[in-house]
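Structural overview for review
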Amino acid sequence: MISAILIINQRGDVLVSRNYRVDDYSRGETNSYRNNVIAAKDVRSPVKLMSQTSFLHIRSENIFIVAVTRHNVNVAMAFEALIAIASILKVYFGGKLNEETVKNHFILTYELLDEMMDWGYPQNLTLDTVKPFITQKGAVKPEKLKSESVSKVISQVTGACPWRTPDIRHKKNEMYIDVIESVNLLVSLDGKKLRADVSGSIQMKVRLSGMPDCKFGLNDKLLMDKEVRSGGKPKGQGIAIDDCTFHQCVRLGKFDSDRTISFIPPDGDFELMKYRTTQNIEVPFTITPIVKEHSKTRLEVKVVVKSNFRREREGTAVKVIIPMPKNTAVCKIFVQTGKAKYTPEVDAIVWKIRRFPGDTKFTLGAEVELSSSVSASKKAWSRPPVSMEFQVPMFTASGLHVRFLKVLEQKLNYQAVKWVRYLTQAGSYSYRI
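Analysis parameters
Residues take numbers from 1 onward in each chain, read along the sequence in its written order. Predicted model: local features are reported for residues with pLDDT of at least 70 only, side-chain atom pairs are reported and counted for 80 or more only, and whole-chain, interface and lining totals are derived from all residues. For the side-chain quantities, the full set of heavy atoms in the structure was used; hydrogens and water were omitted. DSSP calls a pair of strands paired once it identifies at least 2 bridges connecting them. Note on conventions: DSSP H or I runs of at least 4 residues are helices, E runs of at least 2 residues are strands, and numbering of each starts at the N terminus. Axes, fitted as lines to C-alpha atoms, cover a helix only where it is in contact. Angles between the N-to-C directions of the axes lie from 0 to 180 degrees. By definition, a salt bridge exists where a carboxyl oxygen of Asp or Glu is found within 4 Å of a side-chain nitrogen of Lys or Arg. Three labels apply to residues, based on accessible area from a 1.4 Å probe with only protein chains included: buried if under 20% of the type maximum, exposed if over 50%, partly exposed otherwise in between. Multiplying 1.5 Å by the helix residue count minus one yields the expected span of that helix. Comment: arc refers to directions from the helix axis out to C-beta atoms. What makes two residues a contact is simply this: any of their non-hydrogen atoms within 4.5 Å. Only rings of Phe, Tyr and Trp enter the pairing, Trp through its six-membered ring, and a pair is recorded when the two centres are within 6.5 Å. The plane angle decides the type: under 30 degrees is stacked, over 60 is edge-to-face, the rest tilted. Think of it as a cone above the ring: NZ of Lys or CZ of Arg counts as a charge over the ring if it is within 6 Å of the ring centre and within 35 degrees of the ring normal.

Our next topic: the sheet that holds strand β16 (residues 285-295). Read across the sheet, four strands follow the order β16-β17-β22-β19 without closing on themselves; strand pairing throughout is antiparallel. Taken across any chain shown, the strands that pair with only one partner, and hence form the sheet edges, are β16 and β19 (328-335). Neighbour-to-neighbour, the strand axes of this sheet turn through a mean angle of 15°, independent of strand direction. Taken together, the 10 bridges between β16 and strand β17 (residues 298-307) define a ladder with antiparallel strand orientation. Pairing of Ile287 across the sheet is with Val305, part of β17.

For the structure on display, the rule yields 18 salt bridges. Residues Arg11 and Asp13 are paired through a salt bridge, measuring 3.3 Å at the closest nitrogen-oxygen approach. Overall, Arg11 belongs to the exposed group, its relative accessible area being 53%. Judged by its relative accessible area of 34%, Asp13 is partly exposed. For Arg383, the salt bridge identified is with Glu293, shortest N-O distance 2.9 Å. Here Arg383 is found in the loop between β22 (361-370) and β23 (386-393), whereas its partner Glu293 is found in strand β16, with 90 residues between them in sequence. Arg383 sits in the partly exposed class, given a relative accessible area of 26%. A relative accessible area of 48% means that Glu293 is categorised as partly exposed. Each of Arg11, Asp13, Glu99 and Lys103 takes part in salt bridges that share partners, so that together they form one network.

Our next topic: helix α1 (residues 27-38). In this model α1 runs 16 Å from its N-terminal to its C-terminal C-alpha over 12 residues, within 8% of the 16 Å that 1.5 Å per residue would give. Inspection of α1 places Glu29, Thr30, Tyr33, Arg34, Val37 and Ile38 among the buried residues, and these make up the whole buried set. Mapping the buried residues of α1 onto a view down its axis gives an arc of 130°, with all of them on the same face. The elements touched by buried residues of α1 are β1 (4-9), β2 (14-19), β3 (47-50), β4 (53-60) and β5 (63-69).

Tallied over the full model, the rule gives 10 aromatic pairs. Taking 4.6 Å as the distance between ring centres and 50° as the angle between the ring planes, the aromatic pair formed by Phe356 and Phe362 counts as tilted. Here Phe356 and Phe362 have matching classes, each one buried. Between Phe390 and Tyr429 the ring centres are 5.0 Å apart and the planes differ by 85°, which places this aromatic pair in the edge-to-face class. Placement of the pair is Phe390 in strand β23 and Tyr429 in strand β25 (residues 417-431), with a sequence separation of 39 residues. Both residues of the pair, Phe390 and Tyr429, belong to the buried class. Aromatic ring contacts, followed pair by pair, group Phe285, Phe309, Phe356, Phe362, Phe390, Phe395, Tyr429 and Tyr431 into a single cluster. The ring of Trp119 carries the charged tip of Arg21 above its face, separated from the ring centre by 3.4 Å.

Following this line, the structure appears as structure tokens:
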């Protein structure tokens, strides 16, 4: 249980203080925390224990959102509550949560904190359950709430499916699925992969009526191996998912037993799951950097970038960042595709290519003259790695794809339209030189 929620600025001033259990802690402990930790810039850890009182905080721009407790609380639960509180406040404040927006919405802030927490226990930490009670103009008066709407909200908050109500209706029943992957790669000078993993996210946009029951299938290696043992012939190759996290609507017991993802989705946009894989990564781009130092004042650079996906695919928003020494004076660049220029602000050649077809190779050459009078030339160049940014639609580096998506609504019995998109983008993508 949480004794209080505080919002403190960088100077240590308390902007908002909502006490749920006044007798649990003293004001002197709060003053000691904000003066000795926040104002003194001694924020080394998100958890601080002072006089048997625990202070747990997260940061949003120039403010700290702090949970205060004297009890042995679940720390993960407390941080999850703080993150949920911050996200809801940000939505109500127009997308920004800082000292200025808090000062402009004092009353709304207290109303939201009262609605989200009940005597120190997290109560309504989803936007859908808070919206019926707290509008942008403040709290809804009890006399304006009809008995039917009150019962719907209560059943939504306390029921088995708090993220969805059964009275949702849409003219067209559709479901959009976006599989977004970020590739993290680090390659040594001799071409050896030092790090290669994919962090993925499955985003969904649901426009379905009633209470649909959805069943979602991926080319999970464990599931496909199980189908082979049972006599089936699954199409394609399965991938090994190292770890994954799900939205609260997913039935975890069902996933543990047979690796199928079944759920009743919330209405609107949400993140169904996150996953990570480290095996059989298909690298979208290969970089071959060559740097020759002809003298202390002259370099020759050649960078070859090759796309490894099929020709039908196309990379977009491709950017290659090639580091240069700090004492670079003149940089002559030769490139046939895209635009490249030396950017002194980042000490690098920035090469931009709008569209990069699959199974294609592009080359950049540069002659660099260095200034010998700069003190930076006395220090050896550390040769930072060449980094890359890109997006490749309809391609997954992990090989993951959606095998099936079934939607069943027993009362309305409609046929839903389903759309699936894939996108692979660069995470930390570097080649050493």
